[in-house]
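Take a look at the letters that make up each chain.
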Amino acid sequence: MTANFARSICLAAYLTLAACASAPTPNPAPSAKATAPAVERRQPAPPKTNTDATFALLSEADTALGAAQPKRAILLLERAVRIEPRNFELWIRLSRAHLATDNMNAAMQHARKAIALADVAVGVTTATAQAKAWLQYAEVLEYRGQKQEAASIRRRYGQQRG
Amino acid sequence: MAAQNKRKSSNRRAKRRPKQQRFWPRLRAAIWRLIWRTLIGLSLLTVLLSAGYAYYIDRTISKTFEGRRWSVPAQVYAQPLELFSGLALSKSQFITELTRLGYRPDLELNSAGTYREDSRGVTAYLRGFRFIDGFRPAQILRFTFNNSGIRQITEPGSGEVVLVRMDPAKIGSFFPSHGEDRIVLTPEEVPTLLAEGLKAIEDRNFDEHRGFSISGILRALIVNLRAGATRQGGSTLTQQLVKSYFLTNEQTLQRKLRELAMAVILELRFSKQDLLTAYVNEIFLGQNGARAIHGFGLGAQFYFNKPLNELGVAEVATLISIIRGPSYYNPFRHPERALTRRDRILDTFYSDGLINAAAHRNAKAQPLGVVSAAGRGGAYYPAFMDLVRSELSERYSNTDLRSQGLQIFTTLEPRLQENTQQAVSRTLNAIERERELPSNSLQAASVVADSQTGEVLALVGGRQGRVDGFNRALNAQRSVGSVIKPVTVLTALNQGMDLTDKIVDQAVTLPQPSGETWAPKNFDGKTHGAMPMYLALSRSLNLAMVDLGQRVGIENVQQQFTTLTDRRPENPYPSFLLGAEAMSPLQTLELYGNFASGGFHTRPKAVIAVLDENGSALSHHTFEMRQSIQMPKVAALNRALELVMRRGTGRTSPFAQLGVAGKTGTTNDNRDSWFAGFDNSHLSVVWVGRDDNQSTGLTGSSGALRVWNAMARRNGVDPITPIPSDDLVAIEYTSGQRATERCADVVLLPVRTPQSLAIKPGCNIKPSLKQRLRSIFTDE
């Protein structure tokens, strides 16, 4: 009886509140930082020490791309990826180089790979990394004639580019 | 009258006598004529037959010889080691790498292929090499080290070098069209000392004779008669070559005559230099398991782990000494015998003026110098080469493969390959010992790939790595068991379910098309009721997975499998959900590549590029991938697979808590033990079982996972960087309820609708309106 009475009171109170405001949002999902148990907390990945090496290859690839040698650029970038496979920048450049060889499919897939890796980028904010990767994706879409989608992505990420 | 009759009679005899006298000579003449005609006929026939046979031999051996002589085989290379400041490679590891590549210590750094070690670092004279993207000339570089690896690389007189590639290990040399293993040298590549030394020891009259040497045969006969045993062969180099190319070892007159005829024809057809080069490339120099070591190029690698042109005088003499009896003079098994013969050969070199007194003295003072079994043959990986051959035949045209002097660049990492092979062999030995299983009853296969690119870095086809034979990594088709379960979980995630959604682990009986019923069971024979999906995966519960499979639809699970592997499952029935699907370890690697790469399908790849003899790329296999799983789904699945390691069937691994993801698999009657797992860098698949498909008594954890542990111990672990997610919720592991780490044993999982989750009592989490209402009306 008491329980039923309490339920009625509660129901009435909540209905009243609901009428004058939107339903209270549930507790926000706890963020990883707030509630991560000790075992799940990890140190960020150790800083990569191969940056200079991959940067050297990246620069050389850029030069090759500038000299209209996209195939050479691909060779250099794939070499860099073997050293640092999770570097999203390298995948962006690979997408660009494939675009230069008219290999649409590879350009598209490598841009997607860059987007996936931008989430776990090291040494740059996720937002910046995401923007760079998405803008490359937009580049590929535009090349394929999907101009509206490309423009939409550019509107969304154009300001965030680092 | 009587006298008259007698006279008549004697007249008749007189008339008859001349006739008789004519008959016998005529008969004799006829017989002779017959004999002559027969002889002439036979002679003509013999001439014709001989000419035909000679023509046949000529055509056969010339064709074969031409083909072999002019076929420059493809050279197959492993991935080169990239060196840069900051690379985690200690000085001793660097020296091991140099040794693996056949670099030798030399204080003077007199030639490429040498290095000098001092207290602070290593100076190495790198060999020049033509890579896919250009030539790197030979250069002297200085490497210094600190506690974390390479500190700095400098070029004396020039300054710091940011990045440099070692020359890659040559891991094979074969004719791609028929797969034969050789290191073939051109006439210009045959060292003079070897050419002249061979003549001095094996065939003094080589430059004069026409295929056989009467004086040589007589000399050998005298020596052997004196010794009372066969001490010396009378065969010329040409005859030895013929024997090696075309004939068996049978000791018959017929074979000897054929050998002689063939030798003469070869001599008529080809120059002395061609014949000597063919001999250098062909002669048998030993056996390494099932692999025959033919030719001095391969012999130099096998016995001394360096190219022929880097051999010293003593080493050349040792190789020549082996020809006479590769088993009898085997320098590994009979070093004293080999040393004595080598010294005799060095004496001959000196007496013939091939080397001077100082070189003679120095060479004799040297030990045999053959490289121990562990280090040698480091460049022989038959299982990986099978994958290379298969990929070449699939992706390259026959015309391309028939081209001469191809250079094939592959993805193999020799250090990883060696480590993986050792891990497989030693773990199987240990398991057999501990469980008192018959020796060598277990078999295994393992494949390791780069988790992002799908490039195959190591491939082990059986417990004995250097032995050609059945390649289980590519060809063993075995049921994969629970290793397939993530496919069902992914199908559910793609249909909008959460990892925390409840599924039911209860007994189930399903009718089969055959009329029988299928009643799967859990490994422990029990049922566990309702539980969250991630927990069912973590504990690998069969009944819960069948329940999930039926909910999402087996045809959808199979469609998901096809999306992930580009192949249709063989088994259309619900038992597919529990891994009643035969796959090879390589195919399993392809499946898990989707998860390890963060949602991209790649075909495992072994060949990076093939260059023709001019260094132009016939083809370059760029990275090929297709996004197969959306990011949030693969992020969720990978967290579940991490839980399998941290909390579930993988928890016994000493690396389970470091941030690795994976899944064990065990098939009926413990016939197959599987593990597929990955970290940030590597994806690995291990299978352990028996070739006769009998029970091993091993589960995925007690068999394949142990092998993986041994691999991780050697190769290291690069912890997974989890994909960030905005919807991570702390969940009590055993119940699937929302909780905090202060009140429960929690794990973080992405949940799209956390408000739908039950809250663990006492955790002080404010329930949502919906939850409060629900609790009011349902007495929760």
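Student: How should I be thinking about the overall build of chain B in this particular structure?
Tutor: Secondary structure assignment for chain B yields 23 helices and 32 strands. Burial analysis of chain B (780 residues in total) assigns 44% to the buried set.

Student: Hey, could you run me through the nonpolar core in this one?
Tutor: Taken as a class, soluble globular proteins show a tendency for nonpolar side chains to be buried jointly. One finds A:Leu77, A:Ala133, B:Ala640 and B:Val707 to be the most contacted residues of the largest nonpolar core, which totals 181 residues. If you look at the next biggest cluster of nonpolar residues, it comprises 46 residues, including B:Met262, B:Ala278, B:Ala300 and B:Val316.

Student: So what exactly am I meant to see when it comes to the domain arrangement of chain B here?
Tutor: One frequently used descriptor of interface size is the decrease in accessible area upon assembly of the parts. Residue and element names in this part refer to chain B. Domain parsing of chain B yields domain 1 (1–70), domain 2 (76–168), domain 3 (437–715) and domain 4 (728–778). Computed over C-alpha atoms only, the centres of domain 3 and domain 4 are separated by 31 Å. The interface is formed by 13 residues belonging to domain 3 together with 10 residues belonging to domain 4. Taken together, the elements giving at least two residues each to the side of domain 3 that touches domain 4 come down to β22 (529–532), α17 (533–539) and α21 (631–646). The element best represented in the side of domain 3 that touches domain 4 is α21, accounting for five residues. Residues belonging to the side of domain 3 that touches domain 4 are distributed by class as follows: nine nonpolar, one polar and three charged.

Student: I tried to follow the packing of helix α14 (residues 414–434) of chain B against helix α22 (residues 704–715) of chain B on my own but got confused; where do I start?
Tutor: Helix-helix packing is described using two parameters, namely the angle between the two axes and the distance between the axes. Residue and element names in this part refer to chain B. Between α14 and α22, whose axes approach to 8 Å, the crossing angle comes to 140°. Relative to α22, α14 is oriented oblique. By crossing handedness, the relation of α14 to α22 is classed as right-handed. Seen from α14, the contacting residues are Leu416, Asn419, Thr420, Gln422, Ala423, Val424, Arg426, Thr427 and Ile431; seen from α22, they are Arg706, Val707, Ala710, Met711, Arg714 and Asn715. For the contact of α14 with α22, a count of residues per class yields seven nonpolar, five polar and three charged.

Student: How should helix α10 (residues 335–351) of chain B be read in this particular structure?
Tutor: One turn of an α-helix holds 3.6 residues; hence residues three or four places apart share an orientation. Residue and element names in this part refer to chain B. When the terminal C-alpha atoms of α10 are compared, their 24 Å separation across 17 residues agrees well with the 24 Å that a helix rising 1.5 Å per residue should span. Taken together, the buried positions of α10 are Ala338, Arg341, Arg342, Ile345, Leu346 and Phe349. Buried residues along α10 cover an arc of 150° about the axis, so they all sit on one side. Opposite the buried face of α10, at more than 90 degrees from it, the exposed residues are Glu336 and Ser351. Two residues or fewer past α10, Gly353 is found with a positive phi of approximately 80°.

About the cut-offs
- Residues numbered from 1 in each chain as written.
- Chains lettered and ligands numbered in written order.
- Predicted model: local features only at pLDDT ≥ 70, side-chain atom pairs only at ≥ 80, totals over all residues.
- Helix = DSSP H or I, 4+ residues; strand = E, 2+ residues; numbered from the N terminus.
- Buried ≥ 20, exposed ≤ 12 C-beta atoms within 10 Å, placed from the backbone.
- Core = buried A, V, L, I, M, F, W, Y, C linked by C-beta atoms within 7 Å.
- Domains from an automatic or database assignment.
- Contact = placed C-beta atoms within 7 Å.
- Nonpolar A, V, L, I, M, F, W, Y, C, P; charged D, E, K, R; others polar.
- Axes fitted to C-alpha atoms, helices over the stretch in contact; angles between N-to-C directions.
- Parallel < 35°, antiparallel > 145°, perpendicular 65-115°, else oblique.
- Left-handed = near helix turned anticlockwise from the far one by under 90°.
- Expected span 1.5 Å × (residues − 1).
- Arc of directions from axis to C-beta.

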